[in-house]
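So the chains spell out like this:
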Amino acid sequence: MPDYKLTYFNTEGRAELTRWCFEYGGIPYIDERIEGSTWAQRKKEIPGGQVPVLFVDGKPLLESIAIARYVAKQAGLVPQDDLQAAHCDALVDALNGLQNDIYMKVIFSKDEPAEKQRVLLEDVVPNKVNPVLTRLNERLASRDWFISDKVTWADLQISLMIGSLTDRVPDMLRNYPHVRKVVDDIRDLKTIKKWIASRPAQ
Ligand SMILES: N[C@@H](CCC(=O)N[C@@H](CS)C(=O)NCC(=O)O)C(=O)O
């Protein structure tokens, strides 16, 4: 097995899906967390000047989704079937797009906290998140997992991204019980539960 070092900040952000894939697969890795105060110096040493970066035997792999997909494959979380794998890609991309919207319109916006919450509740959730939740909920009504009868990295992303959003919008899944079940079922897996309980405080 190669040596893995995942370099990112001390936050979930664009690295947490990869961390969940490593944990699910029981794959050893170094979870390097850069201090904000050292970033200016570290940025110069990192190809592309951005994180996350996954060093595989010391060689850098860039782009969070490519990194997560690669680690998901090592962890057995990508379906063998090419079309099923493409459906996982499509969902992860869609959820990542939502996450980017939330970063831009809410988390990184210069608005006051109350205005950020208003934008989230009155714009992002109804217009962007709920249409995705509606489709996902219909799909998950007749199956345990997003695709096939096995857990994939798409299920991890549902649980991670949608679950984290419920910290800000607690009743968001009230009308989406089948999505809620996947969010909870993944977080109840032994490996993921242990990680959530033991990961570094941010
Ligand atoms: N498309 C890249 C975006 C990476 C990115 O925006 N990284 C941010 C942290 S989330 C970063 O490195 N910011 C510090 C900087 O640009 O100096 C990916 O998905 O990996």
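Rules behind the numbers
Residues numbered from 1 in each chain as written. Predicted model: local features only at pLDDT ≥ 70, side-chain atom pairs only at ≥ 80, totals over all residues. Heavy atoms only, no water. UniProt positions renumbered as here; feature names shortened; annotations may be inferred. Core = buried A, V, L, I, M, F, W, Y, C linked by side-chain atoms within 4.5 Å. Buried < 20%, exposed > 50% of the residue type's maximum accessible area, 1.4 Å probe, protein only. Domains from an automatic or database assignment. Contact = heavy atoms within 4.5 Å. Pairing = 2+ DSSP bridges. Helix = DSSP H or I, 4+ residues; strand = E, 2+ residues; numbered from the N terminus. Axes fitted to C-alpha atoms, helices over the stretch in contact; angles between N-to-C directions. Near = heavy atom within 4 Å. Polar contact = N/O pair within 3.5 Å; in protein donor to acceptor, adjacent residues only side chain to side chain. 1 Å grid on protein atoms, 1.4 Å probe; cavity = no way out; pocket = protein on both sides within 12 Å on 5 of 7 lines; lining within 4 Å. Sits in = over half its atoms within 2 Å of the grid points. Nonpolar A, V, L, I, M, F, W, Y, C, P; charged D, E, K, R; others polar. Points joined across faces, edges and corners; volume = space filled by probe spheres on them.

The protein chain is annotated in an unreviewed UniProt entry as glutathione transferase from Meganyctiphanes norvegica. We quote the UniProt Sequence similarities (unreviewed entry) comment for the protein chain here in full: "Belongs to the GST superfamily. Sigma family."

Peer 1: Would you mind going over the nonpolar core with me for this structure?
Peer 2: General note: in soluble globular proteins, nonpolar side chains tend to be found buried as a group. Formed by 65 residues in total, the largest nonpolar core has its most connected members in Trp153, Ile158, Ile162, Met172 and Val179. Here this core spans two domains, since at least three of its residues come from each of domain 1 (4-76) and domain 2 (82-189). For valine 179, the residues in contact, after removing those within four places along its chain, are Leu133, Leu136, Asn137, Leu140, Ile158, Ile162 and Leu173.

Peer 1: Just checking my understanding: could you explain the sheet that holds strand β1 (residues 4-9) for this structure?
Peer 2: Strand-to-strand pairing in sheets goes through backbone hydrogen bonds, with the strands running parallel or antiparallel. Reading across from one edge, β2-β1-β3-β4 is the order of the four strands in this open sheet, with mixed pairing throughout. Edge positions in the sheet fall to β2 (30-34) and β4 (59-62), since each of these pairs with one other strand and no more. On average, each strand axis in the sheet is inclined to that of its neighbour by 25 degrees, with strand direction left out of account. Two elements, β1 and strand β3 (residues 53-56), share four bridges in a ladder whose sense is antiparallel. Note on β3: the bridge partner recorded for lysine 5 is phenylalanine 55.

Peer 1: Explain the pairing of β4 to me, please; I cannot follow it from the model alone.
Peer 2: Looking down a regular strand, the side chains alternate between one sheet face and the other. Sheet analysis places β3 next to β4, joined by four bridges and oriented antiparallel. If you follow leucine 54 over to β4, its bridge partner there is leucine 61. Hairpin connection from β3 to β4: two residues lie between these consecutive antiparallel strands, with aspartate 57 at a positive phi of about 50 degrees.

Peer 1: Whenever I open this one, the site of the ligand confuses me. Can you help?
Peer 2: Neighbouring the ligand are the residues Tyr8, Phe9, Arg14, Trp39, Lys43, Gln50, Val51, Pro52, Glu63 and Ser64. The side chain of glutamine 50 places a nitrogen or oxygen atom 2.9 Å from an oxygen atom of the ligand. Judged by its atoms lying within 2 Å of the grid points, the ligand is housed in the largest pocket. In terms of residue class, the shell around the ligand is made up of five nonpolar, two polar and three charged.

Peer 1: Can you walk me through the layout of surface pockets in this structure?
Peer 2: Rolled over the atoms, a probe sized like a water molecule indicates the empty space that remains. Here the largest pocket defines a volume of roughly 900 Å³. In this structure, the largest pocket is lined by 32 residues; those nearest its centre are Tyr8, Glu12, Gly13, Arg14 and Tyr103. For the lining of the largest pocket, the secondary structure elements donating two or more residues are β1, α2 (39-45), α4 (82-107) and α6 (153-168). With six residues, α6 is the single largest residue contributor to the lining of the largest pocket. Class assignment for the residues of the lining of the largest pocket results in 14 nonpolar, nine polar and nine charged. Two domains each provide a minimum of three residues to the lining of the largest pocket, namely domain 1 (4-76) and domain 2 (82-189). Roughly 170 Å³ of volume is contained in the second largest pocket.

Peer 1: Teacher, can you tell me more about the environment of asparagine 96 here?
Peer 2: Within the secondary structure, asparagine 96 is located in helix α4. Once the C-alpha coordinates of asparagine 96 and glutamine 157 are considered, the two residues, 61 residues apart in sequence, prove to be 8.7 Å apart. Excluding residues that lie within four positions of it along the chain, asparagine 96 makes contacts with Ile65 and Gln157.

Peer 1: I keep staring at the side chain of threonine 152 and nothing clicks. Help me out?
Peer 2: With respect to the element layout, threonine 152 can be found in the loop between α5 (113-140) and α6. Threonine 152 has contacts with Leu77, Pro79, Cys88 and Ile147, leaving out every residue within four places of it along the chain.

Peer 1: What is the right way to look at unusual backbone geometry in this model?
Peer 2: Generally, phi is negative for residues other than glycine and the peptide bonds are trans, each holding for most cases. Cis geometry is adopted by the peptide bond preceding proline 52, which originates at valine 51 and carries an omega value of 10 degrees. Residue placement: proline 52 occurs in the loop between α2 and β3. At aspartate 57, a position not held by glycine, the phi torsion is positive, near 50 degrees. Relative to the helices and strands, aspartate 57 is located in the loop between β3 and β4. In this structure, glutamate 63 takes a positive phi of about 80 degrees despite not being glycine. Looking at the secondary structure, you find glutamate 63 in the loop between β4 and α3 (64-74).

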